[in-house]
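Structure at a glance
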Amino acid sequence: MGERNKSFKSLTTGHWAIVYALQFFRPVHIKCWGFDAHLDYKTKCDTLSFEYAYKPGELSKKFSEEHLLLAKSWPITFSFIQSVYPNCKIEIA
């Protein structure tokens, strides 16, 4: 539903995994592994330079403006999720 009107565009699969865990398991502590590329957009861009993760035709898309904006907004969305669930410690490992 959100993708149709773009309201959830800044939510990545990582964000959804956190929200899912919060909603269905009601934890007091979540530790997330493999999110290091999202801590700052420069790291994300460097991480995305590994060509094995892309099909040859997709290599030109990896540094698109939209992708960069999503990388820059990742920590903002993550902070918002933390503010909505203040009783759970969400940790990036």
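Residues numbered from 1 in each chain as written. Predicted model: local features only at pLDDT ≥ 70, side-chain atom pairs only at ≥ 80, totals over all residues. Heavy atoms only, no water.

**Thoughts on the overall build of the chain**
Per the secondary structure count, the chain includes four helices and two strands. The order of helices and strands in the chain, counted from the N terminus, is α-α-β-α-α-β. Every one of the 93 residues in the chain was classed for burial, and the buried ones make up 29%. Pairs at least 24 residues apart make up 62% of the contacts formed inside the chain by residues separated by at least 6 positions. Taken as a whole, the chain presents about 6,800 Å² of accessible surface, with 60% of it coming from carbon and sulfur. (Helix = DSSP H or I, 4+ residues; strand = E, 2+ residues; numbered from the N terminus. Buried < 20%, exposed > 50% of the residue type's maximum accessible area, 1.4 Å probe, protein only. Contact = heavy atoms within 4.5 Å. Areas by Shrake-Rupley, 256 points an atom, 1.4 Å probe, with all protein chains shown as cover.)

**Examining the state of the cysteines**
Applying the stated criterion across every chain yields a total of zero disulfides. The thiol sulfur of cysteine 32 is not disulfide-bonded, and the nearest other cysteine sulfur, from cysteine 88, lies at 8.8 Å. Judged by its relative accessible area of 9%, cysteine 88 falls in the buried class. (Disulfide = S-S within 2.5 Å.)

**Description of the confidence of the model for the chain**
Averaged over all residues, the pLDDT of the chain is 74; the fraction at 70 or higher stands at 58%. Mean pLDDT in the chain bottoms out at helix 1 (residues 2-5), which sits at 49, and peaks at strand 1 (residues 29-32), which reaches 94. (pLDDT = per-residue confidence, 0-100.)

**Remarks on the side chain of threonine 77**
Within the element layout of this structure, threonine 77 appears in helix 4 (residues 65-84). Threonine 77 sits in the buried class, given a relative accessible area of 9%.

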